[in-house]
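# Architecture and fold: a report
As a plain string of letters, each chain reads:
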Amino acid sequence: MSSNQHDGGNCFARRDLLVQIQDEMQKLWEESKVFEANSGDKPPSPGEKFFGNFTYPYMNGVLHLGHAFTLSKLEFAAAYHRLCGSNVLVPFAFHCTGMPIKASADKLAREMEQYGNPPVFPSVDKDDSKTNGNNSSWSDLNKHYKSRRSKAVAKSGSHKFQWEIMRSFGLSDQEIAKFKDPHHWLSYFPLKAMEALKAFGLGCDWRRSFITTDMNPFYDSFVRWQMRKLKKVGKIVKGKQYMIYSPLDGQPCADHDRASGEQVGPQEYVLIKMEVIPPFPPKLKALERRNVCMAAVTLRSETLYGQTNCWVRPDGNYGAFEINDTDVFILTARSARNLAYQMLSRVPEKPTCLVELCGRDLVGLPLKSPLALNEIVYVLPMQNILTDKGTGVVTSVPSDSPDDFIAFQELVTHPGLRLMYGVKDEWVIPIKVIPIINIPGFGNKSAEKVCLDLKIDSPSQKDELAEAKEIAYLKGYHNGTMIVGEFKGRKVQDVRPLIKDMLLKAGATVLYYEPEEKVMSRSGDECVVALTDQWLITYGEAEWKHEAIECLEEMNTFSIEAHNGFKHTLDWLMPRACSRSFGLGTRIPWDEEFLVDSLSDSTLYMAYYTIAHLLQHGDIYGANSSNLGAEQMTDEVWDYVFCDGPIPETNIPPAVLAKMKQEFEYWYPFDLRISGKDLMQNHLAFCIYNHTALLPKHYWPRGFRCNGHLMLNSEKMSKSTGNFRTLWQAIEEFSSDATRFALADAGDSLDDANFAFETANSAIMRLTKEISWMKKVLSAEAEAEAPLRVGPPTTHADRAFANEINYAIRDTENSYRAFMFKDALKTGFYDLQAARDEYRFSCGAGGMNRELLWRFMDVQTRLLTPICPHYAEHVWQNSLKKEGFVVKAGWPIADTLDPTLRAKNKYLLDSMVLMRRLLQKQESGHKKAKKGAATPATSEERRLSVGIIYVNENYDGWKEQCLRVLKAKFDTKSCSFAPDEEILEALKNCSIGQEMNLKQIQKLCMPFIKFKKDEFQKVGLQALELKLPFGEVEVLEENSGQIKRQLGLEHVEILLASDESAANKAAPHISVLRQNPPSPGNPIAIFLSKSEFQGQTRG
């Protein structure tokens, strides 16, 4: 069921009204070119211009609400600055570089070739997963590592084939066939995205839009210049590096090329050559005269002195793989595949398996292992060994590894287990735990100590073992001291790298790398770590890092959390490849066999926005070369425009050249870049680095703002579950403004936000009701039927409402400036609406003030303009009949704020709420006639229609003393109170201590003290005063008419509780007054029937 259907056709009609309005207003804006931004003739003064941009989306599909959420942060901020009078530039481009589009196009071509056009796919079982067990053949294992379902498939639910994914975009089979050409994607999806963004109401200068890749010759020229310049200044070098790599694609797999495993890097291990001692068993006979080693990996080379055995998974699949002419490593196929791409295979990139083995085949092999104090260690079975991590071979150090200790003890104490796996007693029983590291508080057998402490006695206690492992490993590294070997007496953290280097030099180990976690390329390939010969950008180089951090320190990142995240990234960032051999993009200028990768051609393009319209003339493909050709944009021209270079020798007309430089110098540096937080560790960090390397300091970025991911209705957005909306779907379902309203309400921090359908539907109702209300008020006034008062505001309700409007202006402006759009929506719409409704109710039959009502409609329309511009423009143009466009109308000016008046009004409203409760309570008791009392003749006579309101405008007695003590115990410098113990002691030593005992002081005074402390947090030092900053009697008397109307009373009197004669008017309810005496800010009301009041008056 559609989320709109809860209100039937009426809700659809309201939604359709908003859609009609958005279409009309967008047409109006487009005709008037409202969002086209041109540079001034001179450099802008502070605040004169605002240039914001968004990380351009990848064009392998349609835009979804997640894109819209991040983009909305830029849109709302830019619209606010535009409203305030700034010259605002918001451009938008489309990223097509990289392998995803090419990979998807190739998939389509293969599917058409294999299954026809349109393809007829074979039916498949829902559960097509394979298990890696004993029955899997070697060929099955190889297949297992050559094909995986991609993230795109997973996200599309049950779609297995690329053709089905394309169908999910609403494409016909005839249209889908065209997408086998990767360039058709570039012709289709950018235009669809532009349509959706225009419908969204994005205030964009579309003249500056473009696509990437060499399909756009101007952008291609720009990227070539960028790469040549980076190489010229020494930031691009040729070198070997271990990188995440896709064997299927034949190239490194960068974050944007991955279906899963973004931000996963290579993990380094030390691979230990545990030599198999001849004679070999029958299974290994074919390997005689070869140097055969069990290949275990470790991160803790210092522990090798304590090896007691080697573990394998008994039902795991292993192989003997040829490393070179003499060496053979026994390990899993997955790890052999990694080694093959690290120059550790006789045939590079092609692991050669000489013998297929099961874990059981290896049990009992005698080994000679580097550094082991035991001359021989044996291969033993351990069911918990993982074959999808490391090599599936693990060296055992039970002195310092809880897992090893428990597993070894289980073999020692369970003869049946040894029998089941064919383990001989002599391989286990004589072997003792070897102490190698001493840890204060844990001794020299830390694993045994931790397992005893946590009561671990079985390998099945996985959670406890994980905790034990963390304790033992951390304590060992930070506090441990070696007690054996060449480095005896030295700290573990100091000797670990020394032992590692010693083993590598001796040839006893090699380095082995694999991804930290599983990484899948968008081609469906499980990635490895490969030693690649690549063009590298030298991120992390000391001097360059210093400049990047200097840039960051001058930037606005809008939160400490984001700043720290960027700082951490800039600190650890290492050189990374910038070239690819597969996909779409720009060729490396000096090595055209390779392409510039998608995370390297997207780091400086914000500068390109400033002149894109002069180069491409509104054609996103750069095909319009009637005035200027891409070949004219030489490196000297780019240097002149962007880098303050000398005037180039060029045939570009001088006026055009000067205009390009003027545009760049006016708009740069950009003021804000918006992105999801997932790009902090790559794209945004690279952006900082590239700006500092290529542009003068005064052009470095000014601000990055990042946000969390978007959930839908408090659940993760996912195609597979159906909890998903494209941007177009949301606009069609809710309208643009209701969608934008819900996006603003979703959240503004780095935490994940929530788009609630309920909020969007509520926005439809609220916006259309407001349009109807304004129409009703304005049409009634035009027909002289509106009960509106003319003249300046005069009543308390007038003044209070005007004051709330001023506060709304101030608070909403502060929220927009802080990019807190949920708060802006609260103060600029919700709170202001509530103030208007309260004002309307307060005025009653007297009517609202016309001048004030017009100001409200004007102000509310402007405050909501950045979030709901179509609604606001409609009201501005068609209801208020204002000139110009509301999107450029100027921020409303607030009159002087009156906090005392606000306090007065809050006091009045709170008092009426309190009085209503008291009236309801008294009415429920009044209906029960007292026994023996005469019953009045009519219900009217029984009705409580008279209110006697008692006020005490000053704190007195013990409360006065409490306030004096609290004031004395307040430190104005630290803006804090003394501890409660000190305050209590002061109370005991003042007059209160003479009138009350300690128990009474604690019961009465301390709760009052806490109440005042809490009030101080809200209103400041006024909370410590003996009276309110206004006369309560005056406020209540001025608004007695409103009190009578809201409480349904005929007569109200406001009296001072200190007047004994006035107190007598409360009889027969004087006991209520005595039990609950009024205090400043808390009047007490007594209600009487007309007959009771008349009786008291006569008395």
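Report on the accompanying structure. (Residues numbered from 1 in each chain as written. Predicted model: local features only at pLDDT ≥ 70, side-chain atom pairs only at ≥ 80, totals over all residues. Heavy atoms only, no water.)

### Concerning the packing of helix α27 (residues 821–843) against helix α28 (residues 850–864)
Note the threshold: Structural elements are reduced to axes, namely lines fitted to C-alpha atoms, with helices fitted over the stretch in contact, and the angle between N-to-C directions of any two is expressed from 0 to 180 degrees. Comment: elements are numbered from the N terminus, with helices defined as DSSP H or I runs of at least four residues and strands as E runs of at least two. When an angle is under 35 degrees it counts as roughly parallel; over 145 it counts as roughly antiparallel; between 65 and 115 it counts as roughly perpendicular; any other value is oblique. In this scheme the crossing of two helices becomes right-handed for a clockwise turn of the near helix relative to the far one and left-handed for an anticlockwise turn of less than a right angle. The contact criterion used throughout is that any non-hydrogen atoms of two residues lie within 4.5 Å.
At a closest axis distance of 9 Å, the pairing of α27 and α28 adopts a crossing angle of 160°. In this view, α27 runs roughly antiparallel relative to α28, as classed from their interaxial angle. Judged by the sense of rotation from one axis to the other, the crossing of α27 with α28 is left-handed. Residue-level inspection shows L825, G828, F829, L832, Q833, R836 and Y839 of α27 in contact with α28, the latter providing L852, F856, V859, Q860, L863 and L864.

### Section: the pairing of strand β8 (residues 309–312)
We count it as follows: Whether a residue is buried, partly exposed or exposed follows from its accessible area with a 1.4 Å probe, protein chains only, as a fraction of its type maximum: under 20%, in between, or over 50%, in that order. We treat two strands as partners when DSSP finds at least two bridges between them.
The two faces of β8 match: N309 and W311 on one face and C310 and V312 on the other face are all buried. In terms of strand pairing, β8 meets strand β13 (residues 377–381) through four bridges, oriented parallel. Its bridge partner being in β13, C310 is matched across the sheet by V379. Relative to strand β14 (residues 393–396), β8 runs antiparallel, the two sharing four bridges. Within β14, the position partnered with W311 by the bridge is V394.

### Remarks on the pattern of salt bridges
One side chain can pair with another of opposite charge once the charged atoms of both are near each other. Here is the rule we go by: Here a salt bridge means any side-chain nitrogen of Lys or Arg lying within 4 Å of a carboxyl oxygen belonging to Asp or Glu.
Scanning all chains against the criterion turns up 62 salt bridges. A salt bridge links E813 to R817; its shortest N-O distance comes to 3.0 Å. Highlighted residues: E813 and R817, both in helix α26 (residues 796–817), separated by four residues, approximately one helical turn. Judged by its relative accessible area of 54%, R817 is exposed. Between D858 and R862 there is a salt bridge, and its shortest N-O distance comes to 2.7 Å. Note that D858 and R862 are positioned in helix α28 at a spacing of four residues, about one turn of the helix. What you see here is one network of salt bridges that share partners, running through E36, D205, R207, R208, K659 and E663.

### Quick notes on the nonpolar core
When a protein is soluble and globular, its nonpolar side chains tend to lie buried together. Put simply, the rule reads: Side-chain atoms within 4.5 Å link the members of a nonpolar core, which is a set of buried Ala, Val, Leu, Ile, Met, Phe, Trp, Tyr and Cys residues.
Formed by 117 residues in total, the largest nonpolar core has its most connected members in L65, F92, W185, L710, F755 and Y871. With residues near it in sequence (within four places) discarded, W185 still touches M59, N60, I101, S104, A105, L108, Q162, M166, F179 and P190. Of all hydrophobic cores here, the second largest spans 76 residues; its members include Y219, W225, M227 and C551.

### Regarding unusual backbone geometry
Following N117, the chain continues to P118 via a peptide bond in cis, the omega torsion being -5°. Note on placement: P118 falls in the loop between α3 (100–115) and α4 (138–144). For Q263, which is not a glycine, the phi torsion comes out positive at approximately 70°. With respect to the secondary-structure elements, Q263 resides in the loop between β5 (258–260) and β6 (266–276). For Q263, a relative accessible area of 32% corresponds to the partly exposed category. Of note in this structure, N713 is not a glycine but carries a positive phi near 55°. With respect to the helices and strands, the residue N713 is situated in the loop between β25 (710–712) and β26 (715–716). For N713, a relative accessible area of 32% translates into the label partly exposed.

### Brief notes about the packing of aromatic side chains
Operational definition: Ring geometry is summarised as follows: Phe, Tyr and Trp rings, the Trp one being its six-membered ring, pair when their centres sit within 6.5 Å, and such pairs are stacked at plane angles under 30 degrees, edge-to-face over 60 and tilted between the two. Either the NZ atom of lysine or the CZ atom of arginine qualifies as a charge over a ring when it sits within 6 Å of the ring centre and within 35 degrees of the ring normal.
What the rule picks out here adds up to 71 aromatic pairs. For the cation-ring pair, R836 lies above W773, with the distance from its terminal atom to the ring centre recorded as 4.2 Å. Over the ring of Y807 we find R902; its NZ or CZ atom is 3.8 Å from the centre of that ring.

### Comments concerning the sheet that holds strand β1 (residues 49–54)
Through backbone hydrogen bonds, the strands of a sheet pair up, either in parallel or in antiparallel fashion. If you trace the four strands from one edge of the open sheet to the other, you get β2-β1-β23-β24, paired in parallel fashion. The strands lining the two open edges of the sheet, one partner per strand, are β2 (87–89) and β24 (704–707). Taking each pair of neighbouring strands and ignoring which way they run, the sheet shows an average axis angle of 20°. As judged from the four bridges shared by strand β23 (residues 672–676) and β24, these two strands associate in the parallel manner. By the bridge assignment for β24, I674 is matched with R705. Against the sheet, helix α2 (residues 65–83) contacts β1, β2, β23 and β24, and its axis sits at roughly 175° relative to β1.

### Examining the environment of I211
For I211, the location among the structural elements is in the loop between α8 (182–200) and α9 (217–232). I211 sits in the buried class, given a relative accessible area of 0%. A sequence separation of 353 residues divides I211 from N564, and the C-alpha atoms of the two residues are 33 Å apart. Among residues more than four places away in sequence, those in contact with I211 are F94, C96, L186, P190, N216, Y219, I620 and Y621.

### Looking at the environment of K677
When you line up the elements, K677 lands in the loop between β23 and α22 (683–694). Residues K677 and D751, 74 residues apart in the sequence, show an inter-C-alpha distance of 9.2 Å. Non-local contacts of K677, meaning those with residues more than four positions away in its chain, are made with C706, N707, G708, H709, L750 and D752.

Taken by themselves, the reported measurements are silent on function.
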